[in-house]
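So you can see what is in the structure, the chains are spelled out below.
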Amino acid sequence: MSSSSFSELSPPPVMASRTLDIVEAPTMPTKEEDDPFDITNTKNASVDTLRRWRQAALVLNASRRFRYTLDLKKEEEKEKRRRMIRAHAQVIRAALLFKLAGERKIGPSITVNPPIPTGNYAIGLEQLVSMSRDHNSSAMQQYGGVKGISDMLRTNLETGIIGDEGDILSRKSAFGSNTYPRKKGRSFLRFLWEAWQDLTLIILIIAATASLALGIKTEGIDEGWYDGGSIAFAVFLVITVTAISDYRQSLQFQNLNEEKRNIQLEVMRGGRMVNISIFDIVVGDVIPLRIGDQVPADGILISGHSLAIDESSMTGESKIVHKNQKAPFLMSGCKVADGVGTMLVTAVGINTEWGLLMASISEDTGEETPLQVRLNGVATFIGVVGLSVAFLVLAVLLARYFTGNTQNTKGEVQFHKGQTSIGQVVDDTIKIVTIAVTIVVVAVPEGLPLAVTLTLAYSMRKMMADKALVRRLSACETMGSATTICSDKTGTLTLNQMTVVEAYIGHERMDLPDDPSELHSKVSSLLFAGIAHNTQGNVFEPKNGGAVEISGSPTEKAILSWAVKLGMNFEAVRSESTVLQVFPFNSEKKRGGVALKVDSEAYIHWKGAAEILLASCTRYMDLHGQLRSLDGEKDFFKEAINDMAARSLRCVAIAYRLFDVNQIPEDSEGLDNLVLPEDDLVLIGIIGIKDPCRPGVKDAVKVCSEAGVKVRMVTGDNIQTAKAIALECGILSSDADVSEPNIIEGRVFRALSEREREIVAKKITVMGRSSPSDKLLLVQALRKGGDVVAVTGDGTNDAPALHEADIGLAMGIQGTEVAKESSDIIILDDNFASVVKVVRWGRSVYANIQKFIQFQLTVNVAALVINVVAAVSSGDVPLNAVQLLWVNLIMDTLGALALATEPPTDHLMHRTPVGQREPLITNIMWRNLLVQAFYQVAVLLVLNFAGRTILGLKDKTRERANEVKNTMIFNAFVFCQIFNEFNARKPEEMNVFTGVTKNHLFMGIVGITLVLQVIIIEFLGKFTSTVRLSWSLWLVSIAIGLVSWPLAVVGKLIPVPETPLAKYFIKPFQHLRAT
């Protein structure tokens, strides 16, 4: 398919109705309508909502500010591109089907060219790709069907490819690898280009150029280039450091995206199931397909039962397509919606439609996060104030200058009407404008919203080490606000290492559950047939007599291991009968079944939840192979189930029934529609499976409880098993907690009205025998009640609950691809303790942003007040353009790096969750920053107006004294920020030095800032308009900065009101913007 053909096609009308995934139905007006920045959850926000806050934000550099937000225009273009490729594929397929139908009508089918050998294989790449992409059944039949194609590809349909290194390389060489070319990320030069798109920096560059030209003209090249050159150099430094920081972030996101794409799956190679990366799949591989799997490559169906594929990702139509021998073609990127099957891979990578689609669409990592949106609101508010101050300073300085009230460093009036040259006036005006623009640079915190991205990039990288892969940025911070976690039991709270420890065969409890001597041959024959066929697992026995390898889900592995110990020969049992139909395990019905034909008889075997299957049984088979009635005996089995469940065992029943052979359809279509009877069953046995609690899970639950996060267990297991595990894990504190509705069954909760569910949901701690729909109802009820809900899930049917929750957590080991794609975070080790670590990191993100805000606002307030007061009173500012740009660099980029990358502390888990509508700037932060800003302003203004006396500079010339005084103010101001950076680390704690030496990045940035400050003062005086300071003045500068430490301790003793101060500041601003 050529790229030119894409552009010539337009999507058909039926597909034009398909909209972006992020669009949702119109909702009633909320608080968001009043404040565009008040978006508590961006997970399902509408496009209009996202567009509104962008339009409301005050932005100086849109390309940088919105880099990590969703590009709405690109998203629309991407969707159009998807539709175009899908339409192209459908047009080709429709034309082919039309042609084939016509040929069948008028004569023999089309003759396909004989296969052309390629290397070691009897068929070529182009023929395979053409057959797969066009779904050409005629070509497939002429190649000999699945068996013929597998022979050409040197694949054994039972045992797969050989799979050694030589075989893999040979296949990749002949048919390509399962990768596709990806568009390169932005280069460093692109980041440099974007960094200097800032309007204020452009104005500064223009001002610097004009100043440079005028300076050289009036003072000569030796002295005249310093003013303009120093501003240009400072701007270049700001741009370079900003670009480096942004480029590093982008690399981290690229690495995380690689992890997201790297799906792990099972393939059959050399007769055994092996786990490999999706990128390592080759043509000829035999791959089992189960519910929730992603089809990893193009291929054809070898065998399947009730296999249904969701092809919406490729066709754009949410229609489930059933696959069988008449419709055997499978498309890469689609999902298994139901049933089971096995496929033969015929095309990989760029040779598939999915590969073409992914290669043509650039990966856009842009995405809103609630904090990002709110910080844009804060930045806009501060920016408006900063712009107002800058205009005020500009107006005052220009007015003073042109009225003759501004003096130069020598004390001479700068402007004399009719005497001062035009060149001098222009030069002086440029300097005044430069100062005003630089105030805007400092005042408008462009880096504030980007600090979220910085801390998220850092946190996501660290969370990978803590076994959590973040798929959605917003989930990382929303997790910090989580008030409840609805957790699965199996594999999350337990180890998922299952073993059969107890068994009832017939009416007898087996003394040793794996002792074959107690079983009658008829019992063992039926038991083994039910276990070997009614499973998605596999048993591999090496020919050299090595250890038996068992694969499958943990429950299936436990049952298969038990059967092997009882003497089951997996391959022999499976070869003795023919599978007619398979009913895969269903989490709604809690059972799975299989129909078998053995000689002239047919059997239906069922396996599932013990008490549910027991209810469908009318008889049981005793240890001697005799059938007995269950009348009067059901209580015995129920008591046995309850006894095992109370000891936290998972109870599984195995049953069968005979089926009339005459009722079995002879055609494949009839077999596909065969409904397996579920009544009148014969109970063979009940087994108890032990799955121990994870070590440390009790401590993790306790940490959650102390942090104000309620842990709820939602499991499909027996209510007694759930209760026992909940007590063991600490979710239930005592037997006193086990009354309803604290502990409830899914069917009971499901039967309640919507209003009753909302009331009961708050009280639920354990939900047993729940279905995925019950989990969804619980999540909805909790969210309506105001909870911020995190929910874990691993099955395909968990997808709605994962999508509905504020934070969906999919399991990385047991989770299906459908569950993972619906989730926000993937827990790579399936461990509940890792979920708690995610909560810590979520709180850390919020706390780090607050630290940075406190630090940045302190600098903002101090710098603005000092310059405004000095400008109004004396017509001059102590901090010039270059100095302010250096302060901006410390505050914006270096400050964000230092404070946004603080690791989480235990202190974060000793407080309640942060409310999603709580103000970003708390009263504690206001107190801290106002104390520090007031101190800095007071000290520096005293130095500005009385510095010559205090510093003993009266014996110096006026020019020299002003140079030393202004250098001292600049130096002291920078040292105040360096020392205050330590205070910002711990806004609420007295000891701000805890763990500081462990944060190497923080210490490194503080050290670099200190070294650069010394270089600026001592060696770059010409550029920064500073002079060298004596050792005594250096010590005074350090002492002024050092006072901020004890001052922070004293400040923390000041009580703060409960009503957020932000309300008094933000409300008038909102009303002003509304009018």
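As shown above, the structure is provided for reference.
Since the model is a prediction, treat every value here as computed from it, not as a measurement. (Residues numbered from 1 in each chain as written. Predicted model: local features only at pLDDT ≥ 70, side-chain atom pairs only at ≥ 80, totals over all residues. Heavy atoms only, no water.)

Asker: Could you give me a rundown of the packing of helix α30 (residues 754-761) against helix α31 (residues 772-784), with the residues and numbers involved?
Answerer: Closest axis-to-axis distance for the α30/α31 pair is 8 Å, and the angle between their directions is 80 degrees. As the angle between them shows, α30 and α31 are arranged roughly perpendicular. Between α30 and α31, the residues in contact are Glu754, Arg757, Glu758 and Ala761 and Leu777, Leu778, Ala781, Leu782 and Lys784, respectively. Of the residues contributing to the contact of α30 with α31, the split by class is 5 nonpolar, no polar and 4 charged. (Axes fitted to C-alpha atoms, helices over the stretch in contact; angles between N-to-C directions. Helix = DSSP H or I, 4+ residues; strand = E, 2+ residues; numbered from the N terminus. Parallel < 35°, antiparallel > 145°, perpendicular 65-115°, else oblique. Contact = heavy atoms within 4.5 Å. Nonpolar A, V, L, I, M, F, W, Y, C, P; charged D, E, K, R; others polar.)

Asker: Lay out the sheet that holds strand β9 (residues 484-487) in plain terms, naming residues and giving numbers.
Answerer: The 8 strands lie next to each other as β8-β26-β25-β24-β9-β21-β23-β22, forming an open sheet whose pairing is mixed. Either end of the sheet is taken by a strand with one partner, and the two such strands are β8 (468-470) and β22 (743-745). For this sheet, the mean inter-axis angle between neighbouring strands, taken without regard to orientation, is 20 degrees. Relative to strand β25 (residues 807-811), strand β24 (residues 789-793) runs parallel, the two sharing 4 bridges. Directly across from Val791, in β25, lies its bridge partner Gly808. In the packing of helix α28 (residues 719-729) onto the sheet, contacts are made with β21 (710-714), β22 and β23 (766-768), and the angle to β22 comes to roughly 155 degrees. (Pairing = 2+ DSSP bridges.)

Asker: Break down a nonpolar patch on the surface for me, citing the residues and quoting the values.
Answerer: Residues Ile1008, Val1011, Leu1012, Ile1015 and Phe1019 make up a contiguous nonpolar surface patch of roughly 450 Å² in combined accessible area. Counting through the fold element by element, Val1011 comes out in helix α38 (residues 1000-1019). (Patch = residues over 30% accessible without salt bridge, like charges linked within 9 Å, V, L, I, M, F, W, Y side chains within 5 Å. Areas by Shrake-Rupley, 256 points an atom, 1.4 Å probe, with all protein chains shown as cover. Salt bridge = Lys/Arg side-chain N within 4 Å of Asp/Glu carboxyl O.)

Asker: Any chance you could break down the pairing of strand β16 (residues 601-609) for me, citing the residues and the numbers?
Answerer: Taking burial as the measure, the 9 residues of β16 include 8 buried ones, the bulk of the element. Both strand β15 (residues 591-598) and β16 contribute to a ladder of 8 bridges, which runs antiparallel. Within β16, the residue paired with Val594 across the bridge is His605. The antiparallel hairpin formed by β15 and β16 contains 2 residues in its connecting segment, where Asp599 sits at a positive phi of about 55 degrees. Across 8 bridges, β16 lies against strand β19 (residues 649-659) in antiparallel orientation. Bridge pairing in β19 places Ile604 opposite Arg657. (Buried < 20%, exposed > 50% of the residue type's maximum accessible area, 1.4 Å probe, protein only.)

Asker: Now, about unusual backbone geometry: what can you tell me, with residues and values included?
Answerer: The residue Arg154 is not glycine, and still its phi comes out positive at about 55 degrees. Examined against the element boundaries, Arg154 turns out to sit in the loop between α9 (145-152) and α10 (165-175). Among the residues examined, Arg154 registers a relative accessible area of 48% and is labelled partly exposed.

Everything listed here is a matter of geometry and, on its own, says nothing about what the molecule does.
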